[in-house]
Every structure is written in structure tokens, then in C-alpha cells.
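Structural overview
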Amino acid sequence: MHTDGTDGLQKPAWAADLLRQLGQSAPLTAAELTERLQAHHPGLTAEQVERELRARGDAHETAGGWVSLLALADGAVLSHLLGAEERKAGVLAADGDLDLWARLADEGLPLAGGGMVRTRWAFGAQELPGDASTALAGPEGWLEAFEDDTILTLRLRGGALEVGSLPEQHAVEDAAERVERVVEACALAAMDALRAFAEAVDYPGDDGQGDGPDEPSDPGAPIDDVLVELLLARPGMLDDPMPPLSLLLTAAGLEVVHGAVLLGGAPQDPDEVAGLTAEEIRGFTLARGFLWRREADRVSAEELGRFLSVLTLAPLVLERVADEVERNPADADLLEAARRAAATPVQRAAAALLAARAAEGDGRQVEAEELVLEALGHDPNLAPALWDAADYAATRGDAASADAHLRRVGAAPEDGLRGALRPLLVSPPRTTPRNSPCPCGSGRKYKQCCLRTPSYPLSTRAPARYASIAAYAMRAPSVEVARELAALIEPEAAMFALDLAIFEGGVLHDYLDERGALLPSDELAMVEGWRSVPLAPYEVTAVQPGASLTMRPLLGGDPVRLADRSLSAGVRRLDLLVARVLDDGDGPVLLAHPLRADRRRRRALLELFDGGYEPWEVAAFFGPQPPPLLHNREGHLLMQCTATYDLPEAAVEAAWRRLAAELEEDDGPDRLLAIGQLDDGEEVIRGSVHRQQRQLTITANSVERLGELQQQVLAAAPGSRLVSESIVPMEELLAEDGQDPGATADRDAEAQRLGLPPEEEAALLEELMIEYEQRWLDQKLPALSGRTPRQAAAEGGSALAELHALLDDIQWQADNSGGGMSATRIRRHLGLTDT
């Protein structure tokens, strides 16, 4: 056990000889090493040697074979700026500076002054200083001799680390040339890593033969690998101290992330560049890196020209960079320098768009709209600018301009914002008499005020205002909230996820805060009133198809009547809906399509909204659901369970007689049934035992029932041997058959009805259902808190209310499945009014 709590791995006896062989000559292949080692270790195979080499941190594979890192890096020195947290903890963050030593210290690296340095790995955030992924941990007090902010030097000599410091006045000879070579090697490796990452993301997909990459590679190059390749090409390159490598790389515009070097702006998540080609990913990275890493007073005209060329490489590059600028506004002076440097209309349009997105991100919408129009002046077909211009025009209530921009960008007439704007593209009706007071509230007569500039009723403008808010929610800074919610919900409910993002995700608050001043006063008041409107579950109580519907709030409150032609054509009485009922100035309205909930989940739905709700929980409720777990009448999970026992030959007859005394005979002398009684007195078959020569096979539909029958068999026939046992969930069997429980029940019922005329069959089913309903009236039900339906009806109050809800559930299921229990008939039996 090491002092840091880790266990050393047991190495094979020949491992030490392997390392000595690696350190004595030029690169050797696994086959060559095996041949050398076999003289003292007969039977050793090349596969064993290869496996050991790949497991070792102190071995490195080159094009010509394997080398020892201890030998290759002997004399090399790496530096690191010591932080106060590191000195106090006795741990050095390795990322960027000491990755090569962290690789060698994975199994322990001696300190020249005594003790061992070992690699420590982070298994959680902020576990190591500086939130590093790896660190070097040494013996107690190994860093106490150094002051905070000292530049430490860690040199490998003779297989041990020497720890010292670099004086501030220390002049490093030829440092500039060596720094340039090291940084150049890291930059080239980062470029290669990005290329591999981009090609993996851009890969069109597996053809089913498994010949495509499973996952994109990392977009960065491991720094330890870069340094090893550098030492192979230029031995002694790192023998003299240099400033900490992470500082040099950052100053050069590169990024250091958890021991890897990346081009500035490189994506670290494939989702950032989804849909881009490899060339577009490269362009996006270079453009974003330029905006992140350059300063206006230190950038050359040549660099600005290259940036503008990359930015306009492809429409998607500009679109993604513009989104990034809106999320994280770039330096205003740098963007202004790009506008001045733009040499073509396309470049000038792109530069103006970036400046507009930065202004939007900073909350300067008026300036942003002016810059968007400037961009369109240079390039009238610039798609991102057209979408933005439509967004701003719709915010101001200019439906004609917004529609013109959307039409130019190719938006479908019925889709999204354009569809919501359609009613505002015709002249509004003039319903106010000329000599009546103007409805705008000015106090003047209509003919003297708004006759020449009639406006649409607020209720006509409300859908367009909601669509404008939805368009804002899809902008770069807000869209991630909607995407996270949409990832939890069924794909067809994506617009419901957007509504959750608007109201519960904070988008509406931001919209009013940043754009409220641009809204007409009456629309602003209307939207302010929307802020406090929550989602709620409703039950449809009446429907006039194609005209209206009435909903009852399940959490209490007055019924809501909606004059909604579309929704009323698609719902039925007793449907459950989750909706946000807004006021459009004329009354209640649904501006986001509601979601329908299965009545079989009614109780779970009420629990979801009881005492408030979280948007993520609502989204998950309407997300993909696991198949329902099926239970038998005793509440056990339904399983197909079988167990077969081999009995001693002399004990077969005696065991069977004992089992026959405890169980009931069925379908002949070789099959017995286990009969049980439920709490309500009803008898159920709990399983069966089948005899075939010396073997007994038990069958049951739950693990519990199987276990009880197994105990009975073993008690009747001690010494029996278990031959086989199988337990398969019923859901798995149904999935294999491609059927659901209801389909299976229908199939079995149909089999039982074979041979009966249709009218007799229907009468028999009706008679059986009535008998079952009569028994049901006296069953204790969890849905009624353990009461029977008769008890709930007699008790009244909340118990009766829940009984009515349960009967509505039954009626809804019957209406949707074409048969089942009759809620009307049950209410009549209980003396209740059918509601």
C-alpha cells in the first residue's frame, strides 16, 4: 500500500529486464524485445510483452519500435509556477506543465532527496489544486522550502526527480529559439488533433459493417506525447529550463485543457459543431479562436484579413460564430477593427452581423437592429441577418417588414413566426363609429385620432406576440434551456418544451427586461400579466368539435371555456390536458399547444403538480416512459417462472401423494394446482406442479409464488435435485412477441370465445363484466385509500370525489379501448348521479 492510499500493481518477474532492454539501445519492436528476453524467461510470448508495454507509462511506442521514457527524458527539466494552495497541500497540478512527469510517476518516481512522487488523478470537480485532472503528490513537506509564486524546476536525472527553483534574474540562453520550437510542435499537434476530431464528427455514419469511428477523438493533443516526440526528434531539447509550458502555450493563443493542447476556440463537445463539415469545423475554430485570443491594439491587418476570409468560408461558419458572439460578446474594438478591415460586400456584411450580435448580447437591441440592417445593405440575402431583422420587426409590431424578411429567407407561410403574423397582414376592421371616443384612450373622437391608422384588437396580436417571444427563446443565449428540456420530452412535444423554457426557464423575464421598451403599451401589459400564469392539469368536461371545449382545473378553480376550433376537433370528454391558459385581452386562450396525459397516470399527474412543480420534472413526465410493470392479483411482479426437479426414484409416488393432499388436481392425475384466496375471498390459481416420470416441473407467475411451491416440493421430496430454473419478466416476453398486455388479453379472450355466435359471445361478455363489476364494488382499492367503492360512496366528501374521478378514469379507458367496465352502470349500482 502506497502512502497515498493506492495499491501497486504486481508486475511480472521479467518486467524489470524489459525496461533495462528498452534503455540500452535504439527503438525495439515487441518481437525483438521478446527474443532478447526469452534467453532468461523461456516461454515468454510477444503478446505478453506487447500487453506489458502498453500498460506501462514509462514506455513509448515510436514508428520504429518501443523506447524507455526514463532514458529518453533523462536530463530534461520542466518548470511550474508554485501556487499557495499547492504548497500547502503538498501537491503540484500537472496539467500543461508537468504532464510528462505525471505519466512517469503513475507507479511512483523517486525524489532525488528521498521519498517518492506519485500521480494523483481527479475523480471529481475541484478535487485537485486549480481543478486539475492530474497532479504530482510527494512526501510530506517536500514543497515547504519554496515560497509561493516560485518557479519550480523538476529535472529527471538517473531515474529520479530533482526539485529546485528558477531565480527571477536567471537568463536562459537560447530560450527564445527553443520556446518557439516547443510551441510550434504543440500547435502542429493541436492542428492534427482538430483535423482528426473534425473528420470523426463529419463522418457520414456507419454503413452497418462497423467500419466507422464510434466516437469523435479528442480535439486536443496530449502534451506528454508532444514532448516525447520532440525529444525523439531533438534529444536534449528540454535540458535547459524554460518558462512554464502552460504560460507559453496560452501566450501563443493555444489552450491547455486537462493535459491536452488545443487550438484556441477548438470545440470540446461534438454538439458544438454538429452539422458542420470538417473544413467548416476548422474554420469555426480558427474564427472563434481569433475572437477569443486577439486584442484590437495588437492585431495586424494581415491577421484581420485571414480572420475575415475564414469567417466567410461558409454560411454555417458565420452563423455559428455569430451565435457564439451573442452568447459571449467579443471585444467591441476588435469587432470594429474587423468592420474597418472588411474589403468585400460579403466581408462587410459578416463583420456588421458580428457587431450586431455583440450589441444584442450586451442588451443594446436598437443598435443591434441598425447593424443588422447595415449587414443586409451589403448582402441582402444573408440568412442570419434576415432572421434577426424579422425578429426585431416582429418585436416592434411591424408585421409587414417581419414577413418580408421571413419570406426572403425562405420561411414557410404557416410555420412559426410567419404563420402567427399572417392575420396582421390584412387591413384591420374598423368597428368603432367615427364620432365615438377613440379606443386608444386618447380622449379624442375616433375620426380625429386613429381612424387613419386603425389597429388590430389585442386578441388578434396576442399569437404574434407569443411567437415573437418564442423566436427570442430560440436565439443563442436562450436556446440551450429549451434544448435541455426538449431532450427530456418526447420529440413531438418540442414546442411544449419551448413554452417551459419561456416561462419556467427565465426567457420571458429576459425578454421583458431587454425588449419590453419596444413593445406597444397594451401588449406590454398583457405579457406582464402572463408572467405569473403557471401550467396546470385540466380535465375536458365538454366538447363542441370544431368550435369550443370546456376544461375543469384538476387543482381547483372555475371551469375554462376555450373557443379553439383546432383543439376542440382533437380532444374528447374526460381527456386530461396540461396547459397554460393565458389571457389575450378577450378571454382565456391557449397559445402553446397543450399536452395530453393518459388518465391511467392521473394520480401521478396530480402528485407532479401538488404544491408546485419543476420544469425538468414536467418535461420528464412527458418523456419516454419505461414499459408498465405488470402485477398479479396479489401484487407480485408478473414473471414467467419455471423450475424442474429430479426426484429420487423411490420417492416419486410418496412425494406426489403428499403434494396431492396439499394441492388440487387439474386436467388429469399428473397436474396439480395451487389455489389461493385473496382478501376479498376470491380464489386465484397461484401455480401448478406437473409430473413427468421422475421429474416435477413447477410453473408460477411470480418469484414469490415459485418460491413457496419450491418449498412444498422439497418438503414432500427431500433430496430432490434442481435440474433447471427460469425466471423471465412478463414485459420481456411481451416485447419478444411484439405485443402489449392488452393485446395478449384480447388474444386469450378470443381463444376462449371460439365457437360461439357473435350475439351469444357479446351477451356472455356482458354478463361476465357485470359480475366482475359487482365484485369490484366491494374490493378495497389503493386509489380510494383502501376503501371499497361502496364505502367511498357512503362516506361522501373527498372520498366520493375521488370515486367519481376513478369512475371517469374507467369510462375514459372504455371509450378509448372500445370496451370494458361501465362507469354508468357502476354509478347506477351505487345510487350516484351519472356525471
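So, here's what we can say about the structure. Predicted model, so just to flag it, every value in this text is computed and none were measured.

Some points on the overall build of the protein chain
- Each helix and strand counted, the protein chain has 34 helices and 25 strands in total.
- Total accessible area on the protein chain is roughly 42500 Å²; 50% of this is exposed by carbon and sulfur atoms.

Side note on a negative patch on the surface
- Together, Glu-295, Asp-297, Asp-331 and Asp-333 make up a negatively charged patch on the protein surface.
- Its place among the elements puts Glu-295 in the loop between helix H10 (278-293) and helix H11 (301-311).

Section: the pattern of salt bridges
- Inspection of the entire model under this criterion finds 60 salt bridges.
- Linking Arg-103 and Asp-224 is a salt bridge whose minimum nitrogen-to-oxygen distance equals 3.2 Å. Of this pair, Arg-103 sits in helix H6 (residues 99-104) while Asp-224 sits in helix H8 (residues 223-233), placing them 121 residues apart in sequence.
- On the accessibility criterion, Arg-103 (18% relative accessible area) is buried.
- With a closest N to O distance of 2.1 Å, Arg-422 and Glu-414 form a salt bridge.
- When salt bridges with common partners are traced through the structure, they connect Asp-323, Glu-326, Arg-357, Glu-360, Asp-388, Asp-391, Arg-475 and Arg-515 into a single cluster.

Here we look at the sheet that holds strand E19 (residues 595-597)
- Within the open sheet, the 5 strands sit side by side as E15-E14-E13-E16-E19. Their pairing is antiparallel. Each edge of the open sheet is held by one strand with a lone partner, namely strand E15 (560-562) and E19. The mean angle between the axes of side-by-side strands here comes to 40 degrees, regardless of whether they run parallel or antiparallel.
- Sheet topology places strand E16 (residues 576-579) next to E19; 3 bridges connect them, and they run antiparallel. Within the sheet, the bridge partner assigned to Leu-576 lies in E19 and is Ala-597.
- Taken strand by strand, helix H25 (residues 602-609) contacts strand E13 (536-544), E16 and E19, and its axis lies near 20 degrees from that of E16.

A short note on the sheet that holds strand E20 (residues 639-646)
- Judged by pairing direction, the sheet is antiparallel, and its 6 strands sit side by side in the order E21-E22-E23-E24-E20-E25 without closing on themselves. Every other strand in the sheet has two partners, leaving strand E21 (664-665) and strand E25 (721-729) as the edge strands with one partner each.
- Inspection of the sheet shows strand E22 (residues 671-677) paired to strand E23 (residues 683-692) by 7 bridges, in the antiparallel sense. Each residue of the ladder has a partner; that of Ala-674, found in E23, is Gly-687.
- Seen against the sheet, helix H27 (residues 652-662) touches E22, E23 and strand E24 (695-700) and runs at an angle of roughly 170 degrees to E23.
- Against the sheet, helix H28 (residues 703-716) touches E20, E22, E23, E24 and E25, its axis set at about 15 degrees to E20.

Some words on the packing of H27 against H28
- At their nearest, the axes of H27 and H28 sit 8 Å apart, and the two run at 135 degrees to each other. Comparing the axis directions of H27 and H28 gives the class oblique. Crossing handedness for the pair H27 and H28: right-handed. On the side of H27, the interface is formed by Ala-655, Arg-658, Leu-659 and Glu-662, while H28 contributes Gln-712, Val-713, Ala-715 and Ala-716.

Quick look at empty space enclosed by the protein
- All chains considered together, the criterion is met by 2 cavities of 30 Å³ or more.
- Empty space within the largest cavity amounts to approximately 70 Å³.
- Around the largest cavity sit Val-77, Leu-78, Ser-79, Val-182, Leu-227, Leu-238, Met-242, Pro-243, Pro-244 and Leu-245, which together line it.
- In terms of residue count, strand E3 (residues 77-81) provides more of the lining of the largest cavity than any other element does, 3 residues in total.
- Classifying every residue of the lining of the largest cavity by side-chain character gives 9 nonpolar, 1 polar and no charged.
- Considered as a void within the structure, the second largest cavity measures approximately 40 Å³ in volume.
- The wall of the second largest cavity is formed by Phe-496, Asp-499, Leu-535, Val-578, Ala-579, Arg-580, Ala-592, His-593 and Pro-594.
- At the level of secondary structure, the elements contributing two or more residues to the lining of the second largest cavity comprise helix H21 (494-503) and E16.
- Considering only residue class, the lining of the second largest cavity consists of 6 nonpolar, 1 polar and 2 charged.

Some points on the packing of helix H19 (residues 458-473) against helix H23 (residues 521-530)
- Remark: H19 packs on H23, axes separated minimally by 11 Å, with the N-to-C direction vectors making an angle of 65 degrees. Note that H19 runs across H23; the crossing there is right-handed. Judged by residue contacts, Leu-458, Arg-461, Ala-462, Arg-465, Tyr-466 and Ile-469 of H19 engage Asp-522, Glu-523, Met-526, Val-527 and Trp-530 from H23.
- For the contact of H19 with H23, the class distribution of residues is 7 nonpolar, no polar and 4 charged.

Describing the pairing of E23
- With 5 bridges joining them, E23 and E24 adopt antiparallel strand pairing. Across the sheet, residue His-690 finds its bridge partner in E24, namely Thr-697.
- Hairpin connection, E23 to E24: the antiparallel pair is bridged by 2 residues, and Gln-693 has positive phi, about 55 degrees.

Brief notes about the environment of Tyr-772
- Here Tyr-772 lies in helix H31 (residues 758-776).
- The class for Tyr-772 is partly exposed, based on a relative accessible area of 28%.
- Each C-alpha atom of the pair Tyr-772 and Met-821 lies 8.5 Å from the other, and the pair is 49 residues apart in sequence.

Here we look at the nonpolar core
- In this structure, Trp-101, Leu-136, Leu-291 and Leu-354 are the most contacted members of the largest nonpolar core, which totals 96 residues.
- Residue contributions to this core peak at 11 residues, all from helix H7 (residues 175-202).
- Among all residues touching Leu-354, those that are not within four sequence positions of it are Leu-291, Phe-307, Leu-311, Leu-318, Val-321, Ala-322, Val-325 and Leu-335.
- Listed in part, the 44 residues of the second largest apolar core include Tyr-472, Ala-592, Leu-595 and Phe-622.

A word on unusual backbone geometry
- The residue Gln-693 is not glycine, and still its phi comes out positive at about 55 degrees.
- By secondary structure assignment, the location of Gln-693 is in the loop between E23 and E24.
- Residue class for Gln-693 comes out exposed when judged on its relative accessible area of 72%.

Overview of helix H17 (residues 399-409)
- All of the buried residues along H17 are Ala-399, Ala-402, Asp-403, His-405 and Leu-406. In an axial view of H17, the angular spread of the buried residues amounts to 160 degrees, which keeps them on one side of the axis.

A look at the packing of aromatic side chains
- By the definition in use, this model includes 5 aromatic pairs.
- The interplanar angle of 15 degrees and the centroid separation of 4.4 Å between the aromatic rings of Phe-290 and Phe-307 together place this pair among those described as stacked. Pair noted here: Phe-290 is in helix H10 and Phe-307 is in helix H11, with a separation of 17 residues, a long-range link.
- Ring geometry for Phe-621 and Phe-622: centres 5.1 Å apart, planes at 75 degrees, overall edge-to-face.
- Taking the relative accessible area as the measure of exposure, Phe-622 reaches 10% and is therefore buried.
- Taken together, the ring pairs in this structure connect Phe-496, Phe-621 and Phe-622 into an aromatic cluster.
- Between Arg-601 and the ring centre of Phe-621, over which it is positioned, the NZ or CZ distance is 3.7 Å.

Regarding H11
- Those residues of H11 that fall on the buried side of the exposure criterion are Glu-303, Leu-304, Phe-307, Leu-308, Val-310 and Leu-311. In a view along the axis of H11, the buried residues occupy a sector of 160 degrees, so they form one face of it. The outward face of H11, more than 90 degrees from its buried face, is lined by the exposed residues Ala-301 and Glu-302.
- Tucked into the core, H11 has its buried residues touching H10, helix H12 (315-327), helix H13 (332-341) and helix H14 (345-361).

Parameters at a glance
Residues numbered from 1 in each chain as written. Predicted model: local features only at pLDDT ≥ 70, side-chain atom pairs only at ≥ 80, totals over all residues. Heavy atoms only, no water. Helix = DSSP H or I, 4+ residues; strand = E, 2+ residues; numbered from the N terminus. Areas by Shrake-Rupley, 256 points an atom, 1.4 Å probe, with all protein chains shown as cover. Patch = residues over 30% accessible without salt bridge, like charges linked within 9 Å, V, L, I, M, F, W, Y side chains within 5 Å. Salt bridge = Lys/Arg side-chain N within 4 Å of Asp/Glu carboxyl O. Lys, Arg positive; Asp, Glu negative; His and termini not counted. Charge placed at Lys NZ, Arg CZ, Asp CG, Glu CD. Buried < 20%, exposed > 50% of the residue type's maximum accessible area, 1.4 Å probe, protein only. Pairing = 2+ DSSP bridges. Axes fitted to C-alpha atoms, helices over the stretch in contact; angles between N-to-C directions. Contact = heavy atoms within 4.5 Å. Parallel < 35°, antiparallel > 145°, perpendicular 65-115°, else oblique. Left-handed = near helix turned anticlockwise from the far one by under 90°. 1 Å grid on protein atoms, 1.4 Å probe; cavity = no way out; pocket = protein on both sides within 12 Å on 5 of 7 lines; lining within 4 Å. Points joined across faces, edges and corners; volume = space filled by probe spheres on them. Nonpolar A, V, L, I, M, F, W, Y, C, P; charged D, E, K, R; others polar. Core = buried A, V, L, I, M, F, W, Y, C linked by side-chain atoms within 4.5 Å. Arc of directions from axis to C-beta. Phe/Tyr/Trp six-rings, centres within 6.5 Å; stacked < 30°, edge-to-face > 60°. Lys NZ or Arg CZ within 6 Å of the ring centre and 35° of its normal.

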